[in-house]
Amino acid sequence: MKNYIDIPDKEVTTSLIKSAMNLKNDPFKDLAIGKNKRLIMLFFNASLRTRLSTQQAAEQLGMHVSILNISTAWSIEFEDGSIMNLEKAEHVKEAAQVISQYCDILAIRAFPSLTDKEKDLSEQLINGFKTHASVPIINMESATAHPLQALADALTIKEMSTKSTPKVVLTWAPHPKALPHSVANSFIKMMQQQPVDFSICHPEGYELDPNITKNTPISYNQEAALQGADFVYAKNWSSFNQYGQVTNQDSSWMLTEQKLDQAQFMHCLPIRRNVITEDAVLDGKKSLVIQQANNRTYAAQAVIKELLLNS
Amino acid sequence: MKNYIDIPDKEVTTSLIKSAMNLKNDPFKDLAIGKNKRLIMLFFNASLRTRLSTQQAAEQLGMHVSILNISTAWSIEFEDGSIMNLEKAEHVKEAAQVISQYCDILAIRAFPSLTDKEKDLSEQLINGFKTHASVPIINMESATAHPLQALADALTIKEMSTKSTPKVVLTWAPHPKALPHSVANSFIKMMQQQPVDFSICHPEGYELDPNITKNTPISYNQEAALQGADFVYAKNWSSFNQYGQVTNQDSSWMLTEQKLDQAQFMHCLPIRRNVITEDAVLDGKKSLVIQQANNRTYAAQAVIKELLLNS
Amino acid sequence: MKNYIDIPDKEVTTSLIKSAMNLKNDPFKDLAIGKNKRLIMLFFNASLRTRLSTQQAAEQLGMHVSILNISTAWSIEFEDGSIMNLEKAEHVKEAAQVISQYCDILAIRAFPSLTDKEKDLSEQLINGFKTHASVPIINMESATAHPLQALADALTIKEMSTKSTPKVVLTWAPHPKALPHSVANSFIKMMQQQPVDFSICHPEGYELDPNITKNTPISYNQEAALQGADFVYAKNWSSFNQYGQVTNQDSSWMLTEQKLDQAQFMHCLPIRRNVITEDAVLDGKKSLVIQQANNRTYAAQAVIKELLLNS
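The following refers to the structure shown. Just so it is clear, the structure is predicted and the values come from calculations on it, not from any experiment.

Here we take up the packing of helix 1 (residues 10–25) of chain A against helix 12 (residues 289–310) of chain A. Residue and element names in this part refer to chain A. The contact between helix 1 and helix 12 brings their axes to 8 Å, and the two run at 115°. For the pair helix 1 and helix 12, the crossing hand works out as right-handed. Contacts between helix 1 and helix 12 involve Leu16, Ser19, Ala20, Leu23 and Lys24 from the former and Asn294, Asn295, Tyr298, Ala299, Gln301, Ala302, Val303, Lys305 and Glu306 from the latter.

Next up on the list: the side chain of B:Thr213. All names here are of chain B. Note on placement: Thr213 falls in helix 8 (residues 210–213). For Thr213, a relative accessible area of 4% corresponds to the buried category. Leaving out residues up to four positions away in the same chain, Thr213 has contacts with Ile188, Gln192, Ile200, Leu208 and Ile218.

Residue and element names in this part refer to chain A. Read from one edge to the other, the open sheet built from four strands follows the order 2-1-5-6, with strand pairing classed as parallel. Strand pairing shows two members of the sheet lacking a second neighbour, strand 2 (64–69) and strand 6 (137–139), which therefore form its edges. Direction aside, neighbouring strands of the sheet carry axes that sit 20° apart on average. As judged from the three bridges shared by strand 5 (residues 105–109) and strand 6, these two strands associate in the parallel manner.

Attention now moves to the relation of the copies chain C and chain A. Of the transformation superimposing chain C on chain A, the axial component is 0.0 Å and the angular component is 120°, with the fit at an RMSD of 0.0 Å. Such a combination of turn and shift is consistent with a three-fold rotation axis.

With 29 residues of chain C at the interface, the matching set in chain A holds 31 residues. Taken together, both faces of the contact between chain C and chain A bury some 2,700 Å²; the carbon and sulfur share is 55%. A per-residue breakdown of the area chain C buries against chain A is headed by C:Leu48, C:Leu52 and C:Arg273, which together make up 24% of the total. Along the contact surface separating chain C from chain A lie five salt bridges. A salt bridge links C:Arg49 to A:Glu90; its shortest N-O distance comes to 2.8 Å. Inspection of the chain C/chain A interface yields 17 residue pairs in polar contact (both at pLDDT 80 or more). Counting only elements with at least two residues in the side of chain C that touches chain A, the list comes to helix 2 (49–60), helix 11 (279–282) and helix 12 (289–310) of chain C.

Attention now moves to the interface of chain A and chain B. Where interface size is given, it is often the accessible area lost as the parts come together that is meant. Contact residues are listed per partner, giving 29 residues for chain A and 30 residues for chain B. Around 2,700 Å² of area is buried between chain A and chain B when both sides are counted, 55% of it from carbon and sulfur atoms. Looking only at chain A, the three residues that lose the most surface to chain B are A:Leu48, A:Leu52 and A:Arg273, adding up to 23% of its buried area. One can count 17 residue pairs in polar contact (both at pLDDT 80 or more) joining chain A with chain B. Taken together, the elements giving at least two residues each to the side of chain A that touches chain B come down to helix 2 (49–59), helix 11 (279–282) and helix 12 of chain A. Among the elements that make up the side of chain A that touches chain B, the one with the highest residue count is helix 2 of chain A (seven residues).

It is worth spelling out the state of the cysteines at this point. Tallying each qualifying case throughout the model produces zero disulfides over all chains. Of all cysteine sulfurs in the structure, the one in B:Cys201 sits closest to B:Cys268, which takes part in no disulfide; the separation is 16 Å.

Here we take up the sheet that holds strand 9 (residues 218–219) of chain C. Residues and elements named next belong to chain C. Taken in spatial order, the five strands make up an open sheet running 9-8-7-10-11, and their pairing is parallel. The open sheet has two free edges, formed respectively by strand 9 and strand 11 (264–266), since each of these has just one partner strand. The pairing of strand 8 (residues 197–201) with strand 9 spans two bridges and is parallel. Following the sheet pairing, Cys201 is matched in strand 9 by Ser219. Helix 7 (residues 182–193) rests against strand 7 (167–172), strand 8 and strand 10 (231–235) of the sheet, and its axis sits at about 160° to strand 7.

The rules behind each value
- Residues numbered from 1 in each chain as written.
- Chains lettered and ligands numbered in written order.
- Predicted model: local features only at pLDDT ≥ 70, side-chain atom pairs only at ≥ 80, totals over all residues.
- Heavy atoms only, no water.
- Axes fitted to C-alpha atoms, helices over the stretch in contact; angles between N-to-C directions.
- Helix = DSSP H or I, 4+ residues; strand = E, 2+ residues; numbered from the N terminus.
- Left-handed = near helix turned anticlockwise from the far one by under 90°.
- Contact = heavy atoms within 4.5 Å.
- Buried < 20%, exposed > 50% of the residue type's maximum accessible area, 1.4 Å probe, protein only.
- Pairing = 2+ DSSP bridges.
- Least-squares fit on C-alpha atoms with pLDDT ≥ 70 in both.
- Buried area = accessible area lost by both parts, 1.4 Å probe.
- Salt bridge = Lys/Arg side-chain N within 4 Å of Asp/Glu carboxyl O.
- Polar contact = N/O pair within 3.5 Å; in protein donor to acceptor, adjacent residues only side chain to side chain.
- Disulfide = S-S within 2.5 Å.

What follows is the structure, encoded as structure tokens:
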């Protein structure tokens, strides 16, 4: 594995999930692997879980960590050939080459604009760093993908599943703000690989990128879709077709205890209580959200370990 | 000791002061205690001394430290049952449970609003984290308390006192801005436990919370109150009755060399020169403010050590 | 060496360059030197290279590092005798003494105002900390100097030079914004010591501080100045006489492949592509900018090592 920018092949994810489970069992067993190695974490956007869990993961492998909120430094140019006489102070060509020299792995968070669809889909920022960096890149959530989250989610389902082929449903849920597609995208790609019966439901008009959903079954009927589900993953995303718009806040799509029935509830956090789901779900025994967040550490640790050993 | 949120019982503070003195003598003697342990420091407000000294304290015990300026991440909901469709992105229920999983101790700084008295007195934020966290909480200054500062202050008095019962006076001093009551509150609670002759003086109308001052003598006459003092602790606070108002900036309450006479001068810093006290005091031999700041490290180290061993 | 605030004597820089070369060869050879020692880095301004490379340097010597963006804490008073009843919350006298107690070395970044020439030239901020600190101070770029950059630059020239006395030219280049004189100043002082044939060229009116340029040859004719150069160091600076003004953005001063001829290209980064120099230079084999940035780590490491051992 050269980088961890998107969901890798099934063989790799299977190995990462297994590695994450082993690390969760004994988080400090590989302290020697990262000795005298350094992870740099660049944040173009705010982070709580990703920042804390990834730092912890790296240090549990014996690494040093440097964290830079790049937005408080200066803005970076990504276009080739531009005459940089405006606000952009540094080109990604220099930034990526320079920062690579100060570390062994470079992790980057950079949300989408949600206004320029073509640019967001091109993953200009993270691909710019990938092209010019001389060290492996970890995606800590980019314009279209959040593969560390999806790895933690797959690990959680593996831990909690009592069936050989559990039914997993990704359902859209309402939210007052326009949110990215990254978590949904990466969860879909991950579930398409996993031994699960996977489907998606969302209001009409909330179709995700067809290059990602592919032939995964899609329903506009939440009630029907959730029937018999073992795991319900709730997530809001803004419209993909009317790119970045909030065209629907229909509260009837909120997940309730009643709707969930026997299913376990999943969400990547942060979660809007009584908007995405009700208090009773989050405070009840069927919620896996805290466990998912905990698994972020071991997902990141498995990825970092793999990149240290085999990139 | 389960948490360090307010001044603990006398027996505990006595033991913490003794431990802090031992650690000051040999700061690296307990490097093994924090091995593979992590402190997370959450800042809802700015910090200089607390941030630097607490990080140093934890690392001198062998811990890893993660620091998050939470204000630059997102705002947190503390009300039960709220429908989170406005600005608050995450509920303390999730935040506290999640962050607990990434660390062994969680330290929090969150100043009061100074506008909503009831809310400030309820310590909603730090109590919200305490209720939902699964690890010990350290108060790095909350709405009504700053117990790490008070521990450093008690340590300083113990180091510098030549009497069995020194006279200690907490005096209000002028300041252009509305300041919290936390430092004064915690110093009062601490002094009420210590072997000192303790009194408070402030202008009429600047009474602190009577649940804290209890039967400690209070004077409106600074000159009389300071007579024969061994330690004078200067501190501004805004009005408690006219909550958060600055109703008095009377510069005659500034501490001068003449007023201090034989007393040693204490303040928690940062200090406004020639407003709280004059240059001659801070630049003279009677000032203990630099020593107090130094003792912040060992106070924090004693608290963290105790929580690592006995929480 | 007591501090590293400006370019030290030739003997010291020679020793530092040698030490940096050794450390580059084996960066972890001196992990024991910084054990249980702490570097505090205070940033009054944004930083990318300096922050990442200096943290890396300190940790490669086994030190702990604390980083504080002081601008997000509060503003500091530097004037003696002031009555601090306005915005400044803490005097440098307290700040420097207090922070010194939390570390073994204090590194500071503080850019010039570019509006108050006298104040900038007085280096009030870094000298204020130097006066009141009890630990060595490292300048991470101040109002008038950037000696860590100059040390990395001298190291780069030493690594790349094939002649006993290479020709080195510092040339002004255009930029849309008003930039400090610090990098140019420190590079000049460093080159005046080194075994190089050194000259400066810039448009008329862009003379630097004559106390720094001294008898170094200065030309207004870039083409003539660059003739036969082995190393061309490009840098923009704002006017020193019309202090802090941008009186010239003449793009004919941009460095091109043609102008550079056989010379290797140097710049401290960040660099405005197609403003300071063209893409062909930065993407070509004559550019040393990435190597210069890499050498920042070893320059800082040599300085920190020297201060730990001999301050």
